[in-house]
Structure formats: structure tokens, C-alpha cells
Amino acid sequence: MAISVDPPEVSRDLCRKAGYTFTFLSDPNAEVIRRYDLLHVGGGTDGHDIARPAEFLVDSARVVRWINFTEDVRVRARGDEMLVAAKGLR
Amino acid sequence: MPEMIQSRRNWALWLGLLLALGALLCNAAFFVNPPGQRAIPWLSVLLAGVSLIFMVRGLQRAFGQPRVYGDKILSSILALVSLLLVGVAIFSFFQARAIPASAGAPKVGQRAPDFTLADTSGQSVSMAQLFAPAADDSQVVPPKAVLLIFYRGYW
């Protein structure tokens with residue numbers, strides 16, 4: 001599931017255009033983003049505060065089992081990498 | 001006295017321009033999301049560096065042997081354009097890496113902070129709900145894990 005500062009309407013539009021079926025959540029005040037220490041102050045194109053890209057695989061006990069922090073925002077996590085991490089869970 | 005000097009194309013400058021273009025076009029490669037893409041930023045730096053080397057070589061020839069390598073003005077323009085392209089490529093490189101350290105983010109083995117946020121239909125969703133089985137479909141197995149993808153947004 002995907003979290004960003006985009007409001008629900010923007011995410012809904014994105015989902016519709018791109019055909020995404022997974023859950024998109026909105027964190028417009030970056031509260032959760034801050035809770036996860038992912039705030040990128042002024043990182044948005046208009047100087048808005050946004051999340052830095054990061055992925056967490058969380059199990060049903062809410063324990064983090066895999067993380068992916070890119071060093072370069074242009075390099076995004078690949079689906080196959082995430083699947084390997086997910087399959088590694090017992 | 002007959003003109004014996006043969007004029008030659010300043011290929012070093014043109015190669016420098018091509019490489020500079022290559023360095024900048026590396027940015028486009030990211031959209032394809034290929035395997036090994038983590039190497040692309042370094043490839044762009046490499047291309048930029050090699051481009052600069054050829055640029056300098058080309059300028060040395062243009063200004064050192066102007067009768068062989070022709071137009072100093074054209075050479076300067078070529079070098080300037082290449083320099084601009086390289087500049088943008090290098091700037092992109094550093095901009096893309098200007099990311100906060102996020103030292104406080106949950107690490108493997110730690111608990112992921114709980115949250116409740118609105119989904120695209122405006123409904124509140126908590127982490128517990130993501131793991132709960134679907135209310136009306138007892139056949140569906142609840143997920144063993146959830147992948148949280150934080151992204152930049154503002155697309």
C-alpha cells in the first residue's frame with residue numbers, strides 16, 4: 001500500500017489512470033511520514049514537505065521485516081526485489 | 001605557397017558532445033526501471049567525466065592547431081553546449097541524492113509505528129485493518145505481511 005502527502009482525490013486519479021488496485025493512503029500533513037522519520041523538508045517540486053522514498057515490509061505482528069531506502073530518488077524499488085523479500089517471510 | 005595542410009574534423013569535440021548527451025539521457029533510463037538501475041547514476045557521472053576529457057582535448061586541438069581543426073568559434077560553442085549538458089547531468093546527480101538520512105526510521109526487527117489514514121474513498125484505514133480478514137469473505141486469507149510504500153507524491 002502506498003502513502004504520500006497527496007490528498008485522496010489526487011491518489012484516486014492516479015490509481016484510475018495507472019490501473020492500480022492496491023490501497024493508497026493520504027498523509028497530507030505528513031504526520032505518519034514524520035512518525036516514520038521520512039520527512040524530506042522542501043523536497044517537493046514547489047518546495048513542499050514530502051516523504052523521501054522508502055519501503056517497509058511489515059508482518060502481522062507489526063514488526064518490520066525488510067526495508068528499502070534508496071540513495072537516489074530516481075532509482076525506485078523494483079517489483080521483483082519486493083517479491084523476493086516478501087517470499088523470504090516465513 | 002600551396003596550402004598543404006589538410007583540414008580535419010574535430011571528432012573529440014563531437015564525441016564529447018555525444019557523451020554529454022548520453023550522460024543527460026541516463027535520466028530517461030530510470031523510467032524503464034531496468035534491473036541494475038542502481039548503476040545508472042554512476043554511469044551518468046562516468047559519461048560526464050569522459051565527455052569533459054574529450055572536450056578539453058578537442059579545445060586543445062581547435063586552439064592549438066586552428067588551421068587543421070578549423071573554426072575556433074564553432075569549437076567553443078560545441079564545448080559550451082557539452083559543458084551545459086554535463087552541468088545539468090551532474091546537478092541532477094547531486095539533487096537526486098539530496099535525501100534526508102532518516103536515522104529514526106524503523107529498522108528491521110523493530111515495530112512499525114501504527115497509523116490511521118484516509119484511503120482514496122475518504123475512509124479511515126488503520127494498520128490493524130490492513131491485516132484483518134475481509135468481513136464478508138471468510139475464504140480470503142488475511143495477509144501475512146503488508147508492504148508500506150512511501151513515495152514522494154505530487155505527480
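Residues numbered from 1 in each chain as written. Chains lettered and ligands numbered in written order. Predicted model: local features only at pLDDT ≥ 70, side-chain atom pairs only at ≥ 80, totals over all residues.

With 25 residues, helix α2 (residues 40–64) of chain B ought to run about 36 Å at 1.5 Å a step, and its terminal C-alpha atoms sit 36 Å apart, in line with that. As for α2(B), its buried residues are in contact with α1 (11–29), α3 (66–69) and α4 (72–96) of chain B. (Helix = DSSP H or I, 4+ residues; strand = E, 2+ residues; numbered from the N terminus. Expected span 1.5 Å × (residues − 1). Contact = placed C-beta atoms within 7 Å.)

A separate point is the environment of A:I50. If you trace the backbone, A:I50 turns up in strand β4 (residues 50–51). It is 22 Å that separates the C-alpha atoms of A:I50 and A:W66, two residues lying 16 residues apart in sequence.

All right, on to the environment of A:D37 then. Within the secondary structure, A:D37 is located in the loop between α2 (31–35) and β3 (39–40). With 16 C-beta atoms packed within 10 Å, A:D37 lands in the partly exposed category. A:D37 sits 14 residues away from A:A51 along the chain, and the two C-alpha atoms are 8.8 Å apart. In contact with A:D37, other than residues within four places in its own chain, are B:S102, B:A103, B:G104 and B:A105. (Buried ≥ 20, exposed ≤ 12 C-beta atoms within 10 Å, placed from the backbone.)

Where strand β1 (residues 2–4) of chain A lies against strand β3 (residues 145–150) of chain B, 2 bridges are found, and the strand directions are parallel. Pairing of A:A2 across the sheet is with B:I149, part of β3(B). (Pairing = 2+ DSSP bridges.)

Turning our eyes to something else, we now look at the interface of chain A and chain B. Accessible area lost during the coming together of the parts is what is often quoted as the interface size. Of the residues lining the interface, 56 residues belong to chain A; the matching set on chain B comes to 45 residues. The greatest single-element share of the side of chain A that touches chain B, amounting to 6 residues, is contributed by strand β5 (residues 54–59) of chain A. Residue classes in the side of chain A that touches chain B are distributed as 31 nonpolar, 10 polar and 15 charged. Direction of pairing for β5(A) relative to β3(B): antiparallel, over a ladder of 6 bridges. Opposite A:L57, over in β3(B), you have B:L147 as the bridge partner. (Nonpolar A, V, L, I, M, F, W, Y, C, P; charged D, E, K, R; others polar.)

Domain boundaries in chain A define domain 1 (1–52) and domain 2 (55–90). Between the C-alpha centres of domain 1 of chain A and domain 2 of chain A there is a distance of 18 Å. (Domains from an automatic or database assignment.)

The next point concerns the packing of α1(B) against α2(B). Packed helices, taken two at a time, are described by the angle between their axes plus the distance between the axes. Residue and element names in this part refer to chain B. Their axes nearest at 7 Å, the elements α1 and α2 cross at an angle of 165 degrees. The angle between the axes of α1 and α2 places the two elements in the roughly antiparallel class. Every pair of crossing elements has a handedness; the one defined by α1 and α2 is left-handed. For the contact of α1 with α2, the per-class residue count stands at 16 nonpolar, 5 polar and 2 charged. (Axes fitted to C-alpha atoms, helices over the stretch in contact; angles between N-to-C directions. Parallel < 35°, antiparallel > 145°, perpendicular 65-115°, else oblique. Left-handed = near helix turned anticlockwise from the far one by under 90°.)

Residue and element names in this part refer to chain B. Taking 1.5 Å as the rise per residue, α4 with 25 residues should run 36 Å; its terminal C-alpha atoms sit 36 Å apart, in good agreement. Among the residues of α4, S75, L78, A79, S82, L85, V86 and A89 are the ones counted as buried. Buried positions along α4 lie against α1 and α2.

The next point concerns the confidence of the model for chain B. Residues and elements named next belong to chain B. Chain-level pLDDT for chain B is 87 on average; 90% of the residues reach the 70-or-more range. Mean pLDDT per element in chain B: α3 is the minimum at 75, and α2 is the maximum at 94. Interface scoring of the predicted complex returns ipTM 0.87; its pTM is 0.81. (pLDDT = per-residue confidence, 0-100.)

Glycine aside, residues mostly have negative phi, and peptide bonds are mostly found in the trans state. One non-glycine residue, A:A30, lies in the positive phi region at around 60 degrees. Along the polypeptide, A:A30 turns up in the loop between β2 (24–26) and α2. Exposure remark for A:A30: the 21 C-beta atoms within 10 Å place this residue in the buried category. The backbone of B:S102 shows a phi angle near 50 degrees, a positive value even though the residue is not glycine. As for its position among the elements, B:S102 is in the loop between α4 and β1 (116–119).

Another point: the sheet that holds β2(A). The strand order β6(A)-β5(A)-β3(B)-β1(A)-β2(A)-β1(B)-β2(B) describes an open sheet built from 7 strands, whose pairing is mixed. Each edge of the sheet is formed by a strand with only one pairing partner; in this case those strands are β6 (64–68) of chain A together with β2 (124–126) of chain B. On average, each strand axis in the sheet is tilted by 30 degrees relative to the strand beside it, whichever way the strands run. Sheet strands in contact with helix α1 (residues 8–18) of chain A are β2 of chain A together with β1 of chain B, and its direction is about 160 degrees off that of β2(A).

What follows is about the nonpolar core. By size, the foremost hydrophobic cluster in this structure holds 23 residues, and its most contacted members are A:I3, A:I33, A:L38, A:A51, A:F56 and B:F150. Those elements that provide at least two residues to this core are β1, β2, α2, β4 and β5 of chain A together with β3 of chain B. Broken down by element, this core gets its largest block of residues, 4 residues, from β5(A). In this structure, this core is formed jointly by two domains, domain 1 (1–52) and domain 2 (55–90) of chain A, each of which donates at least three residues. Beyond its immediate stretch of four places on either side in the chain, A:I3 contacts A:L25, A:D27, A:V32, A:A51, B:L117, B:L148, B:I149 and B:F150. (Core = buried A, V, L, I, M, F, W, Y, C linked by C-beta atoms within 7 Å.)

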